[in-house]
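Below are the chains, spelled out letter by letter.
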Amino acid sequence: MQKPAATKVNRKIFWSIVFLLALLLIPGVRHALADYLGPNRVITTTKVISVDYGYWARHESYVNECAPYQYPAHDCIICTWQESPGSPCGTATYSVKLGTKNKTVTTTTTLPEATIQGTLQNCSLQNGWCTTATTLHLEGTEPGAGESITLIEGTLNGVSFACPGDTCDIPLVAGDNNFTYWALSSFGDSSQMGSLSAQVDATPPTINGALSGTNGANGWHISNVTLAASASDPAPGSGMGTFETSLDGITWAPYSAPLTFNDGVYTVRLHATDLAANVTDLTQTINVDTVPPTVDATLSGTSGSGGWYTSTVTASASASDATSGIASLEYAADGGAWTTYPGAVSFSDGTHSLQFKTTDVAGLSTSSATYNFKIDTGGPHIAIPDWWYVWESASFRVSDGYSNIASVRMTISDPQNHWPKVGQAWTPGGASFTKPINWDRHFADGTLAPIGTYRVTIHTRDAAGNESKKTAQIIIPAADATAIPRADNALLLPAETTTNEPEPVATETAVVTAPSIAAPPAQ
């Protein structure tokens, strides 16, 4: 087999071999090293052969019909022949071989050409797009004996590449991929140019969103919330297909405008699909609570007079929140700091202020009204001597440290109720009241009290309605009675007291017979 001898072709073969050697030293894909050649498998051969030649003629009897020839024959020549007489021509009746001569013969043969095959590998095709990392696999084939594929060349989007050997793997880029490719052969030519186009989008679309609203606590919003979202699949992506939203994951609707959410808990699902069927899903939880919690409180105790309680007061509170729930419930008593509400809170005597505050999980707070209340659980305190002689000076003192003294009444009576009692009443209104006890021994009807023991009763009531009563004795002794020992000789005035313990109501005192003591000297 004789190869073409064209100088241009030989030069290309030479440079291809040089560049091929360079590529073999560097593995992988490189820029293309040569221009596209195309197939050139036409083989032309020439040879000189000896061939017979002669003519076809007819007998001279037809001489009047023949044109004269240069041959000195009696025949009429009709036509000449070369290599083989073949069939008679015209009216020729016989053939004459004149001799032999040399002839140059040219033979043209077209040999099978190199081929190249391109296939996409790992292309998951969706709507005409490869959605995975895809490779173009090129493989060249040389049918000629003793010949081989030396180089795979081509272009991707106008950029050249080359791989040594008979195979080449080219990763596709995102977006459009326009390939041309061919295989160079050691024969000195190349395969036909192949081409392939593919599109790649292996990147899901992007979802962007923003929530607008007033932030509360613990991931809650305390105002209505607006969700503005967008989806995009920019070049070299395939472009957006659909963008939808759903609140339950079942019913979907195209997103067309920002979404507004009021009180409640929402799970918003956003679903974006590009034209290559790549999918992006995004879930956004939205918590909205714009309504503050509520707090209810009650005070329980025994009501007295004038807005006072006459027993220990128990304060109870409860809080509720329909959306985010209650985070804390606190109380502040008597101007103190806020304290976690432990349950019912009890209060004793005094003037108190109380307020409750609750905060929900979203951070919204509600404070109750301030409860101002007064407690006085005991009656006024009465201080009076246990007894004294009728000629001695004595007094009583009434005190009340909380609600103050509303009324005081004093009576002096005969324990046997022989004579109408004598009495006196006051409405002091203060915290303390002191009064001397002056009795001229006369009862209300004017009767002069005889020797004996008489009951003094102090009955008092405070502004809260608590009452106290205490009794004492005035002694009118006989002239010869023995004096009763006394602890001291001080005037019979009660000492100051700061206690406010309730005094028990005294029972009626029985008549006490006066001891025999000498009458005091006349004044």
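Right above here is the structure, for reference.
Since we're looking at a predicted model, the values are computed, not measured.

1. Here's the deal with the sheet that holds strand β30 (residues 387–389)
Here is step 1: One open sheet holds the 5 strands; their spatial order is β30-β36-β35-β32-β33, and the pairing between them is mixed. At either margin of the open sheet sits one strand with a lone partner, and together these are β30 and β33 (422–426). Averaged over neighbouring strand pairs, the angle between their axes works out to 20° when direction is ignored.
Here is step 2: Summarising the sheet, strand β32 (residues 405–413) and β33 pair through 5 bridges and their orientation is antiparallel. Looking across to β33, one finds that Arg409 is bridged to Ala425.

2. Observations concerning the packing of aromatic side chains
Here is step 1: Tallied over the full model, the rule gives 16 aromatic pairs.
Here is step 2: Measuring from ring centre to ring centre gives 6.5 Å for Tyr309 and Phe373, while their planes differ by 85°; the resulting arrangement is edge-to-face. Taken together, the residues Tyr309 in strand β21 (residues 308–309) and Phe373 in strand β28 (residues 371–375) connect sequence positions 64 residues apart. Phe373 matches Tyr309 in its accessibility class, with the two residues each being buried.
Here is step 3: Here a set of aromatic residues connected by ring pairs shows up, and it is made of Trp419, Trp439, Phe443 and Tyr454.
Here is step 4: Directly above the aromatic system of Tyr53 lies the positively charged group of Lys101, at a separation of 5.5 Å from the ring centroid.

3. Observations regarding unusual backbone geometry
Here is step 1: Going from Ala235 to Pro236, the amide bond is cis rather than trans, its omega being 10°.
Here is step 2: Here Pro236 shows up in the loop between β14 (225–232) and β15 (240–246).
Here is step 3: Phi at Asn127 takes a positive value of approximately 55°, unusual for a residue other than glycine.
Here is step 4: With respect to the helices and strands, the residue Asn127 is situated in the loop between β5 (125–126) and β6 (129–130).

4. Let's talk about the pattern of salt bridges
Here is step 1: In the structure shown here, the tally under the stated rule is 6 salt bridges.
Here is step 2: Note that Lys97 is salt-bridged to Asp52, the shortest N-O span being 3.1 Å. Of this pair, Lys97 sits in strand β3 (residues 94–110) while Asp52 sits in strand β1 (residues 42–58), and the two are 45 residues apart along the sequence.
Here is step 3: Arg461 is paired through a salt bridge with Glu467; the nearest N and O atoms lie 2.9 Å apart.
Here is step 4: When its relative accessible area of 30% is taken as the criterion, Arg461 is described as partly exposed.
Here is step 5: Accessibility expressed as a relative area gives 43% for Glu467, which makes it partly exposed.
Here is step 6: Here the residues in one salt-bridge network are Arg41, Glu142 and Asp189, joined through shared partners.

So, how was this worked out
- Residues numbered from 1 in each chain as written.
- Predicted model: local features only at pLDDT ≥ 70, side-chain atom pairs only at ≥ 80, totals over all residues.
- Heavy atoms only, no water.
- Pairing = 2+ DSSP bridges.
- Helix = DSSP H or I, 4+ residues; strand = E, 2+ residues; numbered from the N terminus.
- Axes fitted to C-alpha atoms, helices over the stretch in contact; angles between N-to-C directions.
- Phe/Tyr/Trp six-rings, centres within 6.5 Å; stacked < 30°, edge-to-face > 60°.
- Buried < 20%, exposed > 50% of the residue type's maximum accessible area, 1.4 Å probe, protein only.
- Lys NZ or Arg CZ within 6 Å of the ring centre and 35° of its normal.
- Salt bridge = Lys/Arg side-chain N within 4 Å of Asp/Glu carboxyl O.

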